[in-house]
Amino acid sequence: MRITQISAHTVSTNYRDAWQHDRRYYIKTENQANTILTVETDSGLSGIGEAAHSPGLYGETPSSTLGALNLVKPHLLGRQALNRNELLNLVDRVMPLGNLAFISALDQAFHDLAGKALNVPVVELLGGKAHQTLPTHISPPTNDSCLDYLNDFLSQGYRVFKIKMSGDTRYDLDLIGNALDAVGESVTLALDANQGWSVPQTLAIAHAIQAHPSFKDNIILEQPVRGNDFEGMAQIRRGTRLRLMADDGIRTNADLLRLIRLEAADIVSIKISRVGGIRKALAMVAMAEAANLLYIIDEINEMRVCNTAVAHLALATRAPLYTGVTCHLLLERDVVAEGGVRVINGQAVIDDQPGLGIGRLNLDTDN
Ligand SMILES: [Mg+2]
């Protein structure tokens, strides 16, 4: 089964109204434009994957994805479509460091194709389900509406939340206190500062959180300082009881190795769109497990194709604290018309369909 064509289709859609009124300092754009890659073969089977772009964070856009595709396509056409290692090694040789969301899309498409060819879900290519379902986190859209949304999400079965910080310390501490009062100990609250704080500011905020009467060990502090400031993260970890999560700066195995050596986090967030796909994420899971570092299998700016790939990976890994497959629910339009990951009672669920289990796409966009 040889690769005959790789095509790209960019899907652009707005975030739902509530998320567009975001007044936090880490603001989502109104619009998300991701690119669906389709790898076609001479057998008639094809595989799909999604490049979930984060232009501000990592510089990838639909045009950079198209440029990257033009660069690697000549190396992939005519090759055996099931040799994922050979194909992805070739891609790594052509672009060893950049275009990780694009590489993730190719990796997803190769997995989807192999699953369809072997008539098994992608999760079975990864060794099968270690979990039937996993809790997924979800973010309230704005700080002002946070408590209302927390209660609404709790009633829908969600037990893990990510709350983005506002940049105003007094406001944030009130918000965190109210959120702590509103949820029970079985609920996990990740507080994501999106690299916005300094080390001393983080330590002061962490100490104030620990002093709150409702403080429990269910708080996770996510990426308070610059993503590449592992020394700063280590300093924060030594100075607080809050569990510390590294996120934005973990892009390669070398990043993770440095994080582990510096003992700079309690938890690492592993995102296929940020590290270059399922294959690379699996290597990071192995590294984290070897180092007794906790991990989550997370998402970033994804539509439902990529969220589905995240779910297959998460369900195959031994012990993720939780996963993140709700980005697509924040968008006005769903790129998947049939199949794919579902969220039921706050849990990520996939069907036993071949590949990613996505039957039909909705690629028509009018914006
Ligand atoms: Mg984050």
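Since this is a predicted model, take the numbers as computed values, not measurements. (Residues numbered from 1 in each chain as written. Predicted model: local features only at pLDDT ≥ 70, side-chain atom pairs only at ≥ 80, totals over all residues.)

Asker: How should I be thinking about the sheet that holds strand 14 (residues 347–349) in this particular structure?
Answerer: Strand-to-strand pairing in sheets goes through backbone hydrogen bonds, with the strands running parallel or antiparallel. On the basis of which strands lie adjacent, the open sheet formed by three strands has the order 4-14-13 and antiparallel pairing. Among the strands making up the open sheet, the edge pair consists of strand 4 (134–135) and strand 13 (342–344). With two bridges connecting them, strand 4 and strand 14 associate as antiparallel partners. Bridge pairing in strand 14 links Pro135 to Gln347. (Pairing = 2+ DSSP bridges. Helix = DSSP H or I, 4+ residues; strand = E, 2+ residues; numbered from the N terminus.)

Asker: Explain the nonpolar core here, please?
Answerer: Burial of nonpolar side chains together is a common tendency in soluble globular proteins. Counting residues in each nonpolar core, the largest one holds 104 residues, and the members touching the most others are Ala265 and Val268. Considering each element in turn, this core owes the most residues, 10 residues, to helix 5 (residues 100–118). (Core = buried A, V, L, I, M, F, W, Y, C linked by C-beta atoms within 7 Å. Buried ≥ 20, exposed ≤ 12 C-beta atoms within 10 Å, placed from the backbone.)

Asker: How should the domain arrangement of the chain be read in this particular structure?
Answerer: Interfaces are often described in size by the accessible area the parts lose on coming together. Domains assigned within the chain are domain 1 (3–119) and domain 2 (134–361). With centres defined by C-alpha atoms, the gap from domain 1 to domain 2 works out at 22 Å. Every contact between the two is made by 38 residues of domain 1 and, on the other side, 36 residues of domain 2. For the side of domain 1 that touches domain 2, the secondary-structure elements that each account for two or more residues are strand 1 (3–14), helix 1 (17–20), strand 2 (31–41), strand 3 (46–51), helix 4 (84–94) and helix 5. With 11 residues, the top contributor of residues to the side of domain 1 that touches domain 2 is helix 5. (Domains from an automatic or database assignment. Contact = placed C-beta atoms within 7 Å.)

Asker: Sorry if this is basic, but what is going on with the sheet that holds strand 9 (residues 243–246) here?
Answerer: With respect to topology, seven strands assemble into an open sheet ordered 5-6-7-8-9-10-11, the strand pairing being parallel. The open sheet is flanked by strand 5 (137–138) and strand 11 (294–298), the only strands paired with a single partner. The sheet strands contacting helix 13 (residues 278–290) are strand 10 (267–271) and strand 11, and the helix crosses strand 10 at an angle near 170°. (Axes fitted to C-alpha atoms, helices over the stretch in contact; angles between N-to-C directions.)

Asker: Could you clarify how one ought to interpret helix 3 (residues 62–76) in this entry?
Answerer: Every α-helix winds through 3.6 residues per turn, so residues three or four apart in the chain are directed the same way. Under the 1.5 Å per step criterion, the end-to-end length of helix 3 is 20 Å for 15 residues, consistent within 8% with the ideal 21 Å. A bend of about 30° at Asn70 is the largest found in helix 3, and the proline Pro74 appears one to four places after it. Within helix 3, the full set of buried residues consists of Thr65, Ala68, Leu69, Val72 and Leu76. Where helix 3 is buried, its residues contact strand 1, strand 2, strand 3, helix 4 and helix 5. Gly78 sits one or two residues past helix 3 and shows a positive phi near 90°. (Expected span 1.5 Å × (residues − 1). Bend = angle between axes of the 7 residues up to and from the residue.)

Asker: Quick question: what am I supposed to make of the pairing of strand 6 (residues 160–164) here?
Answerer: In terms of burial, strand 6 is a largely internal element, four of the five residues being buried. When strand 5 meets strand 6, the two strands line up parallel, connected through two bridges. Opposite His137, over in strand 6, you have Val160 as the bridge partner. Taking the sense of rotation as the criterion, the β-α-β connection linking strand 5, helix 7 (residues 146–155) and strand 6 turns out right-handed. Pairing between strand 6 and strand 7 (residues 188–192): five bridges, direction parallel. Opposite Ile163, over in strand 7, you have Leu191 as the bridge partner. Each parallel crossover has a hand, and for strand 6 linked through helix 8 (residues 169–182) to strand 7 it is right-handed. (Right-handed = clockwise from strand over helix to strand, strands pointing away.)

Asker: Is there a simple way to explain unusual backbone geometry in this structure?
Answerer: Most peptide bonds adopt trans geometry, and most residues besides glycine take a negative phi value. Positioned with a positive phi, Asn99 is a non-glycine residue whose angle comes to about 55°. With respect to the helices and strands, the residue Asn99 is situated in the loop between helix 4 and helix 5. Note on Asn99: 25 C-beta atoms within 10 Å, which makes it buried. One non-glycine residue, Asn292, lies in the positive phi region at around 55°. Assignment of secondary structure puts Asn292 in the loop between helix 13 and strand 11.

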